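# Tertiary structure, described
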Amino acid sequence: MTHFHSAPALENHWSADITNDPFDDFNLCIEISCENYIWGVIKRPADNSIILTVYENERNVHVPAKWLGQLLLDAETELPVRC
């Protein structure tokens, strides 16, 4: 797992890490976490789009929009194009 992004000092500490997805043939993905809970993942499927999946959660999740927007833009260059 490679540490990729950290949000600036916020109420909650957000981070993103590049890792391999064991459920998707170990392709690279970006796990998004806060307070040691992985709440979502960014993937690049075969159509080469960027997909954000947010996992179910029992409470509201407040994500810093500017940080998330930059993370999605950076994912286009950091996640390899799949064949």
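Model, not experiment: these values are computed from the prediction.

Our next topic: the pairing of strand β4 (residues 37-43). Taken residue by residue, a regular strand's side chains alternate between the two faces of the sheet. By the bridge criterion, five bridges tie strand β3 (residues 27-34) to β4 in an arrangement that is antiparallel. Counted as the bridge partner of Glu-31 is Val-41 from β4. Between β3 and β4, which pair antiparallel and follow one another directly, the connecting turn spans two residues, one of which, Glu-35, has a positive phi of 55 degrees. Bridge count between β4 and strand β5 (residues 51-54): four bridges; the pairing is antiparallel. Pairing of Val-41 across the sheet is with Thr-53, part of β5.

The next point concerns the packing of aromatic side chains. Counted according to the given criterion, the structure contains two aromatic pairs. Note on Trp-14 and Trp-39: the rings are 5.2 Å apart at their centroids and 90 degrees apart in plane angle, and the pair reads as edge-to-face. Placement of Trp-14 in strand β2 (residues 14-21) and of Trp-39 in strand β4 is noted, with a sequence separation of 25 residues between them. Neither Trp-14 nor Trp-39 differs from the other in exposure class; each is buried. With 6.1 Å between their ring centres and 45 degrees between their planes, Trp-14 and Trp-67 make a pair best called tilted.

Attention shifts here to the pattern of salt bridges. By the definition in use, this model includes two salt bridges. Note that Asp-21 is salt-bridged to Lys-43, the shortest N-O span being 2.6 Å. You can see Asp-21 sitting in strand β2 and its partner Lys-43 sitting in strand β4, a full 22 residues away along the chain. Taking relative accessible area as the criterion, Asp-21 reaches 8% and is therefore assigned buried. Taking the relative accessible area as the measure of exposure, Lys-43 reaches 27% and is therefore partly exposed. The residue Glu-35 makes a salt bridge to Arg-59 at a minimum N-O spacing of 3.7 Å. Here the residue Glu-35 occupies a position in the loop between β3 and β4, and Arg-59 occupies one in the loop between β5 and α1 (65-78), the gap between them amounting to 24 residues. You can call Glu-35 partly exposed: its relative accessible area is 47%.

Mapped onto the secondary structure, Ser-33 falls in strand β3. With relative accessibility at 13%, the residue Ser-33 sits in the buried group. Once residues within four sequence positions are removed from consideration, Ser-33 is found in contact with His-13, Trp-14, Ser-15, Asp-17, Ile-38 and Trp-39.

About the cut-offs
- Residues numbered from 1 in each chain as written.
- Predicted model: local features only at pLDDT ≥ 70, side-chain atom pairs only at ≥ 80, totals over all residues.
- Heavy atoms only, no water.
- Pairing = 2+ DSSP bridges.
- Helix = DSSP H or I, 4+ residues; strand = E, 2+ residues; numbered from the N terminus.
- Phe/Tyr/Trp six-rings, centres within 6.5 Å; stacked < 30°, edge-to-face > 60°.
- Buried < 20%, exposed > 50% of the residue type's maximum accessible area, 1.4 Å probe, protein only.
- Salt bridge = Lys/Arg side-chain N within 4 Å of Asp/Glu carboxyl O.
- Contact = heavy atoms within 4.5 Å.

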